[in-house]
Amino acid sequence: MDGPLAGVKVFDLTVAGVGPWASKLLGEMGAEVIHVDAPSIGFTNALPTVRGMSLLMIICNYNKRGIFLDLKARRDRLVAYRLLESCDVFLANMRPGAVDRLGLSYDEVSKINPRIVYCLASGFGERGPMAPVPGAAPQISAFSGWSSTTGERGKPGEFFRHSAHLDFNTSAYIVEGILQGLLHRERTGIGQKIEVDMTSAAISLQTSRFAEFFATGKTPPSMGSTVTTTVPHQAFLCQDKQYIMVGVVEDDQWLRFCKAIGNEELAKDPRFASNPLRVQNRELLIPILDHVFVAKPIRWWEIRLTEAQVPNGRIRGFEELRWHPQIVENEHMVKMTTPRWGTLYVDGMPWRFSGTPGSMRPGFVPGEHTEEVLRELGMVSEG
Amino acid sequence: MSGALSGFKVVDITRGLCGPYCSMQLGDAGAEIIKVEPLQGDSARLMGPPFIGDESAVYLALNRNKKSVVLDIYKKEGGDILIKLIKNADVFIEDLGPGQPEKLDIGYDQLKPINPKLIYCAISAFGEKGPMANQPGSELVVQAMADYTNSLGAIGAPPVRLGTDVANTNTAVFAFQAIVAALFHRERTGQGQRVSTSMLGSLMHMRGVLWGAQSDPVDSWGDGHHQDNYIMPPEYTYKTKDGHVFLSFGQHDSSDPDAYQKLLAELGLTEMLEKDPRFKVARQVLGTVSRYAWEVKGIWEEKFKNMLTQEVINLFEKYGGLAMPVSNYEMVASHPQVQLLQMIREMDHPKLGKIKQTGIPWRLYGSPAEFQSPPPALGEHTQEVLSKLELSEEDIQHLREIKVTL
């Protein structure tokens with residue numbers, strides 16, 4: 001069945017990860033997405049690859065059609081303008097100023113289509129001293145403070161070795177922006193220009209940690225598996241050398257936690273009676289708990305804590321997750337059979353809609369739909 | 001009010017880090033947010049130290065734009081008032097867990113008849129189906145289950161989590177998307193619906209590239225690219241005399257084909273280039289995603305240990321490379337680009353004077369998002385909101401006596 005954006009048409013002039021993942025989400029919500037690549041596209045074999053094609057391209061291209069346009073050539077630019085007449089959304093993530101040089105500034109595009117919801121994404125914003133700096137996830141990691149709160153206690157901030165998180169995080173904020181643009185237009189008839197950047201998205205993502213900086217003037221330190229504001233919320237070593245993750249994150253969980261670990265006295269201890277007290281007295285409490293957990297294997301604690309409705313879990317990886325019933329039944333990871341690259345495990349949709357479910361379909365090979373789209377526009381390809 | 005959601009009303013019973021971030025964003029976008037809290041308040045009010053005055057710093061960061069109404073929704077009178085509030089609302093957000101709202105007569109199927117256009121948003125920890133549907137979650141538990149901690153720390157060492165609360169915040173962003181998309185659909189069709197997100201689902205979604213990369217054993221182990229994610233030692237970037245610096249020197253960064261060699265020459269590392277094959281290709285030795293970065297790091301750092309971060313940056317930029325200081329929050333807040341983006345801002349708070357907030361991450365030229373109001377004290381708007389439901393002063397006093405409100 002259709003998604004909530006059925007009938008919305010997107011002119012998708014995006015590259016790499018940030019832009020294409022955003023338009024992919026729009027496509028999963030049912031929008032018709034036409035992805036525009038330059039014919040000289042060089043990204044098709046960026047690692048990792050699956051059967052010769054860049055995996056990122058495969059995963060970002062769900063639900064989209066792909067056309068080649070050389071926007072530096074007048075002929076192809078006219079195709080773009082014709083296509084834009086019938087589009088609802090324009091999305092690009094080039095370096096600031098680049099779309100202007102292709103004749104696709106907001107001024108140009110809104111002349112052709114005043115109702116367009118026009119969104120530009122960048123690394124550091126469209127203007128200012130850092131606007132020209134290329135914005136890839138590792139740079140944003142360094143710049144936005146993201147790594148400074150992660151790592152072992154006492155060590156300098158550690159970089160997350162899956163830096164794509166900050167790319168796709170930006171994509172998520174882009175989608176928030178575009179959806180507001182579409183809603184506003186539906187209510188008022190008016191389109192608009194929207195800007196989103198990786199730095200703002202990364203800072204906003206860290207709001208709950210910047211909170212502590214706002215109070216203390218200091219960056220919250222990296223603390224391994226634990227965190228400043230909630231205790232206990234960390235990994236504990238068990239007898240069988242595995243780590244169990246435990247989180248007492250709601251007040252009513254503390255009493256149940258103490259019962260589950262066989263130490264109800266702890267629940268009566270005034271030093272630990274509330275979260276703020278536990279935070280203040282963590283250096284007293286944690287050694288007690290370390291001692292408790294190391295006495296039994298991880299399974300013992302999982303059973304007891306789960307029974308007691310206290311958040312707990314263990315570290316899992318791809319090999320377990322792909323079979324795990326919680327993942328499978330909720331389609332958090334899904335199998336997608338592609339016409340050209342075999343069957344892949346891929347990300348599931350991040351939301352469910354009861355009325356307008358949306359869908360995921362394999363995407364295109366670059367340029368695959370150029371002829372088809374030109375025909376739809378009543379234009380003929382040359383040569 | 002100028003935002004895209006002006007005129008819409010949201011009833012929010014969520015607590016902690018996730019639902020509240022979502023409703024804060026809905027408020028930035030112009031919606032009226034009625035935050036219904038139990039008598040003891042949102043659990044975030046107890047997250048700390050640090051506190052600012054009486055208020056938890058975390059609570060303050062996540063709850064601007066909202067009106068706080070205290071209701072014990074588990075008591076009949078409280079539940080009835082909640083349903084009245086939802087009847088007049090456009091959006092209802094809950095995080096009670098699958099099956100729990102139904103026990104309070106506030107499940108979607110129960111609310112739909114009294115408000116058919118309602119957008120109902122449910123947030124769960126692990127997803128609404130499956131053996132873990134009714135288990136409570138937490139940031140760390142979800143990060144670990146979603147393979148995130150495997151990209152941090154060292155093999156065999158205690159687990160390391162992301163300091164950022166991604167399981168919570170990314171889920172809140174997806175909830176915002178679902179709600180606004182549903183409102184868009186409703187504008188076109190008049191139809192409401194139920195939307196849902198989960199913390200586990202959000203992180204599993206964000207990590208999609210790694211599932212694809214491991215789908216085929218030959219591809220997985222053939223190029224080894226993403227396996228580095230799992231086996232490399234902790235990546236701290238490059239230590240300088242006064243901090244750490246991120247560096248990269250891609251093949252196309254400079255129009256001078258000898259730029260990289262010149263950089264090495266200036267550092268006295270030309271011999272490395274001649275003798276050590278790992279130095280031959282610039283991209284292989286720098287940046288955080290390079291194959292040999294960690295093997296040769298000590299060689300670079302021997303040169304950087306007597307250089308200030310800014311000196312290293314200047315050197316790399318001279319030859320067309322890219323360099324950036326690894327920033328802490330103090331550096332972020334004082335950086336001119338961040339100030340231009342207005343991502344660290346202040347707002348007035350009636351008791352605390354000026355409080356800091358992270359800014360609004362989208363710039364909408366036609367329907368600008370704005371801060372509406374400071375984070376409310378517990379129950380600050382109970383009176384105001386309940387009198388709009390035509391409860392009298394005596395009614396509200398009675399509710400206080402029977403501990404349905406404060």
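Residues numbered from 1 in each chain as written. Chains lettered and ligands numbered in written order. Predicted model: local features only at pLDDT ≥ 70, side-chain atom pairs only at ≥ 80, totals over all residues.

Turning our eyes to something else, we now look at the overall build of chain B. On a plain count of helices and strands, chain B comes out with 19 helices and 14 strands. With respect to the principal axes defined by its C-alpha atoms, chain B has extents near 85 × 50 × 45 Å. A burial count over chain B gives 55% of its 406 residues as buried. Considering only intrachain contacts with a sequence separation of at least 6, the fraction spanning at least 24 residues in chain B is 68%. (Helix = DSSP H or I, 4+ residues; strand = E, 2+ residues; numbered from the N terminus. Buried ≥ 20, exposed ≤ 12 C-beta atoms within 10 Å, placed from the backbone. Contact = placed C-beta atoms within 7 Å.)

All right, on to the packing of helix H7 (residues 166–189) of chain B against helix H8 (residues 199–206) of chain B then. Residue and element names in this part refer to chain B. Interaxial distance between H7 and H8 falls to 8 Å at its minimum, and their mutual angle equals 90 degrees. Relative to H8, H7 is oriented roughly perpendicular. Contact with H7, carried on its side by Val166, Ala167, Asn168, Asn170, Thr171 and Phe174, involves Met199, Ser202, Leu203 and Met206 of H8 and no other residues of that element. Each residue belonging to the contact of H7 with H8 can be placed in one class, and the counts come to six nonpolar, four polar and no charged. (Axes fitted to C-alpha atoms, helices over the stretch in contact; angles between N-to-C directions. Parallel < 35°, antiparallel > 145°, perpendicular 65-115°, else oblique. Nonpolar A, V, L, I, M, F, W, Y, C, P; charged D, E, K, R; others polar.)

A few words on the environment of aspartate 2 of chain A. Residue and element names in this part refer to chain A. Relative to the helices and strands, aspartate 2 resides in the segment before strand S1 (9–13). C-alpha of aspartate 2 to C-alpha of glycine 358: the two residues are 356 residues apart in sequence and 5.1 Å apart in space. Not counting residues up to four positions away in its chain, the partners in contact with aspartate 2 are Gly30 and Thr356.

Let us look at helix H1 (residues 18–28) of chain A. Residues and elements named next belong to chain A. Within H1, eleven of the eleven residues are buried, leaving the element largely enclosed by the surrounding structure. All of the buried residues in H1 are Val18, Gly19, Pro20, Trp21, Ala22, Ser23, Lys24, Leu25, Leu26, Gly27 and Glu28. Glycine 30 occupies a position one or two residues after H1 and carries a positive phi of about 105 degrees.

Formed by 225 residues in total, the largest nonpolar core has its most connected members in Phe90, Cys119 and Ile178 of chain A together with Cys121 and Ile179 of chain B. The element best represented in this core is H7 of chain B, accounting for 14 residues. Beyond its immediate stretch of four places on either side in the chain, cysteine 121 of chain B contacts Val91, Phe92, Ile93, Ala175, Ala178, Ile179, Val195 and Ser196 of chain B. (Core = buried A, V, L, I, M, F, W, Y, C linked by C-beta atoms within 7 Å.)

What follows covers the packing of H1 of chain A against helix H7 (residues 164–188) of chain A. Residue and element names in this part refer to chain A. Between H1 and H7, the shortest axis-to-axis distance is 8 Å and the interhelical angle comes to 50 degrees. The angle between the axes of H1 and H7 places the two elements in the oblique class. H1 and H7 meet at a crossing whose hand is right-handed. For the pair H1 and H7, the contacting residues are Val18, Trp21, Ala22, Leu25 and Leu26 in the first and Asp167, Phe168, Thr170, Ser171, Ile174, Val175 and Ile178 in the second. (Left-handed = near helix turned anticlockwise from the far one by under 90°.)

Size of an interface, as often reported, equals the accessible area lost when the parts are brought together. The assigned domain composition of chain B is domain 1 (9–206 + 343–401) and domain 2 (238–325). Look at where the C-alpha atoms of domain 1 of chain B and domain 2 of chain B centre, and you get two points 46 Å apart. (Domains from an automatic or database assignment.)

Below, the discussion takes up the pairing of strand S6 (residues 91–94) of chain B. Residue and element names in this part refer to chain B. Neither face of S6 is left uncovered, since the one carrying Val91 and Ile93 and the one carrying Phe92 and Glu94 both have all their residues buried. As defined by bridge partners, S6 adjoins strand S7 (residues 119–124) across four bridges and the pair is classed as parallel. From the neighbouring strand, glutamate 94 faces S7, where its bridge partner is alanine 122. (Pairing = 2+ DSSP bridges.)

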